[in-house]
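In case you want the letters, here they are:
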Amino acid sequence: MDTEAVRSFVRAAELGQLQQAADELGVTQQAVSKRIATLERGLGVSLFTRTARGVELTVDGQAFLPHARNIVTGVDRAVSAIRPGSRALRIDVLGLRSAQAVILHDYWRAHPGTDLDVVTLRVNDPRVAVAAVQAGDVDASFRSVTDPAALPGDVRMIHTFDSPLEFLVGPRHPLASARTLTPSRLRGHRIWVPGIAPQTEWGEFYDELATRFDLRIDAAGPNFGNEVLLDILADSADVATFVGSRDRYIWPPHYDLRRIPVVNPTLVYPLSLIVPRVNPHPGLRPVMKHFRSLAPLAEPVWRPSWKTIEDTER
């Protein structure tokens, strides 16, 4: 089996775009397409379906992906065994437009010589991300395990930074003209966060947030992606959502969406890194130092209760 074809498949699956995978691998999109087509012929299955927005895994592709990751990891480990320190620092983020990815990009721009590999595992269960760290598939993962008893002893969870929430609304929303908002002013308004997966850290976050401030968090309906959500907000007079202050969202200018800070208290989503307890990648320390150098938030702030159980060692 051609390991570079397997690597091309893994990156295309993680990014959802053949061109982005090609750019990261330093080859043409045509080369990535040929590699994947050869792999599909050898396996006798289709791994992707092509869509207007890129590629999506088939059922066979979903089944093959974890094993393909193991193949790539095994090859990388073999190379690392004879070239110590040559492997890129691989960090899992929740999304390439998330605050974690944005700040990692800032770090890389300030340190362009850093060999950094940013991936998205696309799993909801934090235990799967923890297992990926344990197996060495990734060197660190931006996830939180809210139950301390569920965190294995060979990994650590380190609080990295706090992400303030903003209220995102369209121009017809009754709160659209506000410069800032307090949590009490959000009561009674529909805050739509579609696709909240049960037993996830963000599911617990929104449960606590809704209970503490008597907010109407609506998770109804499937999550069709940020573009669909932004389309709906632009036309709605009563639907809003929460976004992180550093999350990157792009919409047409005529949508006239407004990102409004929530203050008194600032609603904070704490973000943590899951890392190995022993022999972490040497590139992790400067990255974590960069995150900790971010300006602290002005008080008062509200954080979920499970933030207090994290390992916050400096």
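Preceding this section is the structure that the text describes.
Since this is a predicted model, take the numbers as computed values, not measurements.

Visitor: Help me understand the overall build of the protein, please; the structure alone is not making it clear to me.
Guide: Across its full length, the protein holds nine helices and twelve strands. Relative to the compact-globule value of 20 Å for 314 residues, the protein shows a C-alpha radius of gyration of 21 Å, a close match. Taking the principal axes of its C-alpha atoms as reference, the protein extends roughly 60 × 45 × 35 Å. Taking all 314 residues of the protein together, 47% fall into the buried category. Within the protein, residue pairs in contact and separated by at least 24 positions form 76% of the contacts whose partners lie at least 6 positions apart. Here the protein displays about 15600 Å² of accessible surface, and carbon together with sulfur accounts for 51% of that area. Taking the 36 positively charged and 36 negatively charged side chains of the protein as two groups, their mean positions are separated by 4 Å.

Visitor: What exactly am I supposed to notice about the nonpolar core here?
Guide: Across soluble globular proteins, nonpolar side chains have a tendency to be buried as a group. Counting residues in each nonpolar core, the largest one holds 45 residues, and the members touching the most others are I91, L104, F167, L186, L209 and F242. Elements supplying a minimum of two residues to this core: strand 3 (89–92), helix 5 (99–110), strand 4 (116–119), strand 6 (155–169), helix 7 (201–213), strand 9 (239–244), strand 11 (266–276) and helix 9 (284–292). If we ignore the near neighbours within four places in the chain, the residues touching F167 are H173, L175, L181, L186, I191, A240, T241, F242, R258, R259, I260 and V262.

Visitor: Looking at this model, I keep getting lost on the environment of V133. Mind explaining?
Guide: Along the chain, V133 turns up in helix 6 (residues 126–135). Remark: the alpha-carbon pair of V133 and R35, spanning 98 residues in sequence, is separated by 28 Å. Contacts of V133, omitting those with residues within four sequence positions, involve V138, D139, A140, S141, V155, I274, V275 and P276.

Visitor: So what exactly am I meant to see when it comes to the packing of helix 1 (residues 3–15) against helix 2 (residues 18–25) here?
Guide: How two helices pack is summed up by the angle between their axes together with the distance between the axes. For the pair helix 1 and helix 2, interaxial distance at closest approach is 8 Å and the crossing angle is 125°. The pairing of helix 1 with helix 2 is recorded here as oblique in orientation. Judged by the twist between their axes, the crossing of helix 1 over helix 2 is right-handed. Residues R7, S8, R11, A12 and L15 of helix 1 touch helix 2, and the partners they reach there are L18, Q20, A21, E24 and L25. Looking at the contact of helix 1 with helix 2 residue by residue, the classes come out as five nonpolar, two polar and three charged.

Visitor: Looking at this model, I keep getting lost on the pairing of strand 6. Mind explaining?
Guide: Regular strands place side chains that alternate from one sheet face to the opposite one. With 15 of 15 residues buried, strand 6 is to be regarded as a mostly interior element. With nine bridges connecting them, strand 6 and strand 11 associate as antiparallel partners. Within strand 11, the position partnered with H159 by the bridge is S272. Bridge count between strand 6 and strand 9: five bridges; the pairing is antiparallel. Within strand 9, the residue paired with E166 across the bridge is V243. Here strand 6 runs beside strand 10 (residues 258–261); their pairing, made up of four bridges, is antiparallel. Note that in strand 10 the partner of L168 across the bridge is R259.

Visitor: Just checking my understanding: could you explain helix 5 for this structure?
Guide: Residues lying three or four places apart along an α-helix face the same way, a consequence of the helix completing one turn every 3.6 residues. With twelve residues, helix 5 ought to run about 16 Å at 1.5 Å a step, and its terminal C-alpha atoms sit 17 Å apart, in line with that. All of the buried residues in helix 5 are A99, Q100, A101, V102, I103, L104 and Y107. Next to the buried residues of helix 5 lie strand 3, strand 4, strand 6, strand 11 and helix 9.

Visitor: When you look at the side chain of T120 in this model, what are you seeing that I'm missing?
Guide: Mapping T120 onto the fold places it in the loop between strand 4 and helix 6. The class of T120 is buried, set by a relative accessible area of 7%. In this structure the side chain of T120 is engaged in a polar contact, spanning 3.1 Å, whose partner is the backbone oxygen of E14. Once you skip the residues sitting within four places of it in the chain, T120 turns out to touch E14, R69, D92, V93, L94, G95 and L96.

Visitor: How should I be thinking about helix 7 in this particular structure?
Guide: An ideal rise of 1.5 Å per residue puts 18 Å on 13 residues; helix 7 measures up with 18 Å between its terminal C-alpha atoms. Along helix 7, the residues that are buried comprise E201, W202, G203, F205, Y206, L209, A210 and F213. Following helix 7 by one or two positions, D214 has its phi on the positive side, about 55°.

Visitor: Would you mind showing me how to read unusual backbone geometry here?
Guide: Phi is mostly negative for residues that are not glycine, and the peptide bonds are mostly trans. Cis geometry marks the peptide bond from N264 to P265, where omega comes out at 0°. E299 connects to P300 through a cis peptide bond whose omega is 0°. Within the fold, P300 resides in the loop between helix 9 and strand 12 (301–302). Using a relative accessible area of 54% as the deciding quantity, one classes N264 as exposed.

The rules behind these values
In every chain, residue numbers begin from 1 and rise along the written sequence. Per-residue local features of the predicted model are confined to residues with pLDDT of at least 70, and side-chain atom pairs are confined, for both listing and counting, to 80 or more; whole-chain, interface and lining totals are unaffected and use all residues. Values reported for side chains reflect all heavy atoms of the structure, with hydrogen atoms and water molecules removed beforehand. For the purposes of this entry, the term helix denotes a DSSP run of H or I that reaches at least four residues, the term strand denotes a run of E that reaches at least two, and both are numbered from the N terminus. Restricting the calculation to C-alpha atoms gives the radius of gyration, and the globule rule supplies 2.2 Å times the number of residues raised to the power 0.38. Burial classes: relative accessible area under 20% of the type maximum marks a residue as buried, over 50% as exposed, and values in between as partly exposed (1.4 Å probe, protein chains only). What makes two residues a contact is simply this: any of their non-hydrogen atoms within 4.5 Å. Calculation of accessible area relied on Shrake-Rupley with a 1.4 Å probe; when residues are assessed, cover is drawn exclusively from the protein chains displayed. Lys and Arg are tallied as positive, Asp and Glu as negative. Neither His nor the chain termini are counted. A charged residue contributes its charge at one atom only: NZ of Lys, CZ of Arg, CG of Asp or CD of Glu. For our purposes a nonpolar core is just a set of buried Ala, Val, Leu, Ile, Met, Phe, Trp, Tyr and Cys residues, chained together by side-chain atoms within 4.5 Å. The convention used is that axes are lines fitted to C-alpha atoms, helices contributing only their stretch in contact, and that angles between N-to-C directions extend from 0 to 180 degrees. If an angle is under 35 degrees, it is roughly parallel; if it is over 145, roughly antiparallel; if it lies from 65 to 115, roughly perpendicular; otherwise it is oblique. Take the far helix as the reference: if the near one is turned anticlockwise from it by less than a right angle, the crossing is left-handed, and if turned clockwise, right-handed. Each residue is assigned to one of three groups, with Ala, Val, Leu, Ile, Met, Phe, Trp, Tyr, Cys and Pro labelled nonpolar, Asp, Glu, Lys and Arg labelled charged, and all others, Gly among them, labelled polar. Note: two strands are recorded as paired if DSSP finds a minimum of 2 bridges between them. What a helix should span is 1.5 Å times the count of its residues minus one. Polar contact is the term for a pair of N or O atoms within 3.5 Å; when the atoms are in protein, one must be able to donate a hydrogen and the other to accept it, and sequence-neighboring residues count only if both atoms are side-chain atoms.

By themselves, these observations are geometric and do not establish any function.
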